[in-house]
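Given next are the chains, with one letter for each unit.
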Amino acid sequence: MPRKLNHAVVAWLLAASFTLQGRPAFADPPPVEKVLSELGMDRSEIAELARGGPVTYALSENSDAELAMGIAWYLPVPLEKVARQLRQNNPDPLDFDVIASGALNQIDGAASLASVVLSRKEAEALLDVEPGDEFNLSVSEIDSFKTLRRRLSDVIEDAILQRYRELLFQRFEAYRRGGVHAIAPYAREPGRYSRPALELRQAATASAALLRDFPALYKVWLHYPESLPSGAEEAFPWVEKTVEGRPAVILRHRVSTDWNGCVLTLTREFYAPHSYNASQWITGCLAYRGGTVVFQEVRSYTDQVTGIASDVKHMIGRRLLKDKMLKSFKRLCGALEACR
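Residues numbered from 1 in each chain as written. Predicted model: local features only at pLDDT ≥ 70, side-chain atom pairs only at ≥ 80, totals over all residues. Heavy atoms only, no water.

As for the packing of helix α6 (residues 139–151) against helix α7 (residues 157–178)
In helix packing, the relevant descriptors are the interaxial angle and the interaxial distance, both defined with respect to the helix axes.
Turning to step 1, where the next piece is worked out: Remark: α6 packs on α7, axes separated minimally by 11 Å, with the N-to-C direction vectors making an angle of 160°. With respect to each other, α6 and α7 are oriented roughly antiparallel. Judged by the twist between their axes, the crossing of α6 over α7 is right-handed. Across the interface between the two elements, Glu141, Ser144, Phe145 and Leu148 from α6 touch Ala159, Ile160, Arg163, Tyr164, Leu167 and Arg171 from α7.
Turning to step 2, where the next piece is worked out: A per-class count over the contact of α6 with α7 returns 6 nonpolar, 1 polar and 3 charged. (Axes fitted to C-alpha atoms, helices over the stretch in contact; angles between N-to-C directions. Helix = DSSP H or I, 4+ residues; strand = E, 2+ residues; numbered from the N terminus. Parallel < 35°, antiparallel > 145°, perpendicular 65-115°, else oblique. Left-handed = near helix turned anticlockwise from the far one by under 90°. Contact = heavy atoms within 4.5 Å. Nonpolar A, V, L, I, M, F, W, Y, C, P; charged D, E, K, R; others polar.)

Right under this line is the structure:
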């Protein structure tokens, strides 16, 4: 059985970054080994980490659609150098397969997605879209493509692409105005819905200790778009990747803050066009033995691991997630010239 994540770790991590009533939450950070233990690593995993290899560890999963895993890696690199790398906004410095990227903003509107393109195959599929798992679309979004099809005498890729860019920007606007509660559900077949809003709220409530120790920060992450705490910064990057052999433009919300000389980042993928529903991860680093420990905890949600043989599907899903996280961290250590 996966070990349950000790919620105190998130409170500690964020306490190291924020202050309450102008006073530090801790005079000195606790020992790194204690933090790693609270993250969910056992003694043997911590010992393995100290030898310089990446270590993945289990997290609790709280729904049939959830895949969760953590990873930590000791790098013989000064904290300051790691921090500079992790402060990059877009693409995320741990991304290894980004095809294109950009930043969403309200001034440029849908034009902030001007470099997003669609293949003719994807454009044709959007014109014929129905409720199901081929695309993550709401009922109204599906209806908008049906309306567009009635207006077009042929597959006109520019018109479909423009509608697609507008759809992505509308998803961003809805999230900016209403946070996770404003994320429209995905229409499935027959008459079912996937609700990324509930899944991302579930991921946020995995940090429930924040409600007690750091109510302002917890409230913001859970109830965005309330104002961020002092010292925190946010960005809304989009990235394009190939997911299960298909292009996917993914919309993210990234909140970062300085933390003991490094950076702590909370990220939501509040829209993915297919294959999975949403995801959240926490990334941070710690000075350790003259180098740096970088860690990340991921919670991802996909309907593909539910239903018949769910246990087997989860096992396969975790394996794929582990492989992806290892590739991401190898990219980081390569950029830092720290790979052995």
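From this point, things continue past the structure.
Here's the deal with the confidence of the model for the chain
Turning to step 1, where the next piece is worked out: Overall, the prediction assigns the chain a mean pLDDT of 86, with 88% of residues at 70 or greater.
Turning to step 2, where the next piece is worked out: By mean pLDDT, strand β1 (residues 19–20) is the weakest element of the chain at 34, and strand β6 (residues 186–187) is the strongest at 98.
Turning to step 3, where the next piece is worked out: Residue range residues 1–27 is modelled with pLDDT below 50. Its contacts to residues more than four positions away, or to other chains, number 67 contacts. (pLDDT = per-residue confidence, 0-100.)

Details of the state of the cysteines
Turning to step 1, where the next piece is worked out: Counting across every chain of the model gives 1 disulfide.
Turning to step 2, where the next piece is worked out: Across the disulfide from Cys262 sits Cys285; the S-S distance is 1.6 Å. An S-S torsion of about -140° defines the bridge between Cys262 and Cys285 as left-handed. One end of the pair, Cys262, is in strand β11 (residues 262–271); the other, Cys285, is in strand β12 (residues 278–288), with 23 residues separating them in the sequence.
Turning to step 3, where the next piece is worked out: Given a relative accessible area of 0%, Cys262 falls into the buried group. (Disulfide = S-S within 2.5 Å. Buried < 20%, exposed > 50% of the residue type's maximum accessible area, 1.4 Å probe, protein only.)

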